[in-house]
Amino acid sequence: MVDKVDIVVGLAWGDEAKGKVANQLASRRVGGKRYYDFVARWNGGSNAGHTIYIGEDCYKTHIIPCGVFHGIKSIIGPNCVLHPESFYKELDMISNAGFDASLVKVSPNTHIVTDHHIDEDKRTLSKKLGTTSRGIAPAYSAKAARTGLLAKDVLEYDHIWDGNIYGNMLCEGAQGIWLDINKGIYPYVTSSETLPYSACSIGFPTQVIDRIYGAAKIYDTRSGEDPLFPSSLLNDPLLSLVADAGQEFGVTTGRKRKVNWLDLNRLIDAINVSGSTDVIINKCDILQDVEQYRLFYNDETLNFSSITDMTIFVEERIRTMCKFVSTVTFSYSPLFV
């Protein structure tokens, strides 16, 4: 039986540095022992990209949870979709780097992304909606139509999870709240549920959820098509400075992300909808690098004289408007501290 579950969720459109937040949490120890017994992914597929730093070494994962880098059992949940060839390549990368790939297990009910799904995605969705061409939407379509393939019927037995969970679990989300298929701006969304309560699909009740860590950036970014992020943003000179300083390129696709100033009203909404108890706002140093401190709030563009003034305002608004939040952390470093 699970004792406690902590969840890391994206508060925007993905790319909020959830990977580094989850990685930092996964390294947590209490009394010399690892705090978490499991790390699990609950949604999405290899359309997600998480950048993980272990010491000075950098690893880029797409479907495998970060627990494997800390010697923790890592579960790919039943609400994920998995492309076997990509999964095996990622396992090889982890094994070749000296980590124990046998810690990674896949729920027997995880649905399989086939090469046909990838071809369909490239042919019908990638240009229209800006998908990652990883076959995610067609795989979820097959799942909903009851025509999909399950991991237990495709993967080797030793990769299949036995369903046993106990102790403490960390759930690592993919994408972000504004890409949720129900909450986001349809059809410019992903094909799965990104809200933290969807993590219960792994097999635990809501009562054991302890902390919800909501990750955002001090500015907004978006990959793919979205009416809120027109292509004209790519030509804005100040936003281009932010994009270059922040190295805003997708982990999975390598394409340049569209950047805009932080929409604080939308961030507050995301915090409240997610029930975030701990908010981490990343990349504050990027605005320092370009010496621009702006955000949108209540249909106005607000300018600040320093990052300190800006973060004081942001934290005050969050604490006033978000009753479940206990901590607000502003990160200025490539590694979450």
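Each value, and the rule that gives it
- Each chain carries its own residue numbering, running from 1 in the direction its sequence is written.
- Reporting of local features is limited, given that this is a predicted model, to residues whose pLDDT is at least 70; pairs of side-chain atoms are given and counted only at 80 or more, and all residues count toward the totals for whole chains, interfaces and linings.
- The basis for every side-chain value is the complete set of non-hydrogen atoms in the structure, without hydrogens or water.
- The numbering of helices and of strands both runs from the N terminus, where a helix is a DSSP run of H or I of at least 4 residues and a strand a run of E of at least 2.
- Here the globule rule reads 2.2 Å times residues to the power 0.38, and the radius of gyration is calculated from C-alpha atoms.
- Three exposure classes are used, based on accessible area relative to the maximum for each residue type with a 1.4 Å probe and protein chains only: buried under 20%, partly exposed in between, and exposed over 50%.
- Contacts are assigned to residue pairs that have any heavy atoms within 4.5 Å of one another.
- Using a 1.4 Å probe, accessible areas were evaluated by the Shrake-Rupley method; residue-level cover was limited to the displayed protein chains.
- Neither His nor the chain termini are counted; the positive set is Lys and Arg, and the negative set is Asp and Glu.
- For charged residues, the charge sits on one atom: NZ in Lys, CZ in Arg, CG in Asp, CD in Glu.
- Here an axis means a line fitted to C-alpha atoms, over the contact stretch when the element is a helix, while the angle between two N-to-C directions is reported on a 0 to 180 degree scale.
- Any angle that falls under 35 degrees is termed roughly parallel, while one over 145 is termed roughly antiparallel, one within 65 to 115 roughly perpendicular, and all others oblique.
- Two helices crossing with the near one rotated counterclockwise from the far one by less than a right angle form a left-handed crossing, whereas a clockwise rotation gives a right-handed crossing.
- What makes two strands pair is DSSP finding at least two bridges between them.
- Each aromatic pair joins two rings of Phe, Tyr and Trp (for Trp, the six-membered one) with centres within 6.5 Å, and gets the label stacked for planes under 30 degrees apart, edge-to-face for over 60, and tilted for any other angle.
- Salt bridge criterion: a side-chain nitrogen from Lys or Arg within 4 Å of a carboxyl oxygen from Asp or Glu.

A count of helices and strands for the protein gives nine helices and 18 strands. Its C-alpha atoms give the protein a radius of gyration of 19 Å, within 12% of the compact-globule value 20 Å for 337 residues. Along the three orthogonal principal directions, the C-alpha set of the protein runs to about 60 × 55 × 35 Å. Within the protein, the fraction of its 337 residues that count as buried is 55%. In the protein, 74% of the contacts between residues at least 6 apart in sequence involve partners at least 24 apart. In the form shown here, the protein has an accessible surface area of approximately 14500 Å², with 50% of it arising from carbon and sulfur atoms. In the protein, 34 side chains carry a positive charge and 40 a negative one; their mean positions are 2 Å apart.

For the rest of this paragraph, the subject is the packing of helix α3 (residues 115-124) against helix α5 (residues 136-144). Where α3 meets α5, the closest approach of the two axes is 7 Å, and the angle between their N-to-C directions is 120°. Considering the angle they form, α3 stands oblique to α5. In this structure, α3 crosses over α5, and the sense of that crossing is right-handed. Of the residues in α5, those touching α3 at His117, Glu120 and Asp121 are Ile136, Pro138, Ala139 and Ala142.

Okay, the sheet that holds strand β17 (residues 300-303) next. If you trace the four strands from one edge of the open sheet to the other, you get β13-β14-β16-β17, paired in mixed fashion. Since the sheet does not close on itself, it has two edges, and those belong to β13 (219-222) and β17, each with one partner. For this sheet, the mean angle separating the axes of adjacent strands, direction not counted, is 45°. Here strand β14 (residues 258-263) runs beside strand β16 (residues 294-297); their pairing, made up of two bridges, is parallel. Bridged to Leu262 within β16 is Leu295. This element, helix α9 (residues 307-321), spans β14, β16 and β17 of the sheet and lies at about 25° to β16.

Okay, the packing of aromatic side chains next. Tallied over the entire structure, the rule returns nine aromatic pairs. On the basis of an interplanar angle of 85° and a centroid distance of 5.5 Å, the ring pair of Tyr59 and Phe99 is categorised as edge-to-face. With a gap of 40 residues between them, Tyr59 in strand β6 (residues 57-61) and Phe99 in the loop between α2 (84-96) and β9 (104-106) connect regions that are remote in the sequence. Comparing Tyr59 with Phe99 shows no difference in burial state: the two are buried. Judged by centre distance (5.0 Å) and plane angle (85°), the rings of Phe69 and Phe99 are edge-to-face. Of this pair, Phe69 sits in the loop between β6 and β7 (73-76) while Phe99 sits in the loop between α2 and β9; the two residues are 30 residues apart in sequence, bridging distant segments of the chain. Taking relative accessible area as the criterion, Phe69 reaches 6% and is therefore assigned buried. Three or more aromatic residues link up through ring pairs in this structure, and these residues are Tyr59, Phe69 and Phe99.

To continue, consider the pattern of salt bridges. Scanning the entire structure with this criterion turns up 13 salt bridges. Salt-bridge contacts for Asp278 lead to Arg211; the nearest nitrogen and oxygen are separated by 3.0 Å. Highlighted residues: Asp278 in strand β15 (residues 278-282) and Arg211 in strand β12 (residues 209-217), separated in sequence by 67 residues. Taking relative accessible area as the criterion, Arg211 reaches 25% and is therefore assigned partly exposed.

Let us look at the sheet that holds β7. Across the sheet, which stays open at both edges, the eight strands sit in the order β9-β7-β4-β11-β1-β12-β15-β18 with parallel pairing between neighbours. Each having just a single partner strand, β9 and β18 (327-330) make up the two edges of the open sheet. Along the sheet, successive strands turn relative to each other by an average axial angle of 20°, direction set aside. Direction of pairing for strand β4 (residues 38-41) relative to strand β11 (residues 167-172): parallel, over a ladder of four bridges. Residue Arg41 lies in a different strand from β11, and its bridge partner there is Glu172. Against the sheet, helix α1 (residues 18-26) engages β1 (2-10), β4, β11, β12 and β15, with an angle of about 155° to β1. α9 rests against β15 and β18 of the sheet, and its axis sits at about 160° to β18.

By themselves, these are just geometric observations and shouldn't be taken as functional.
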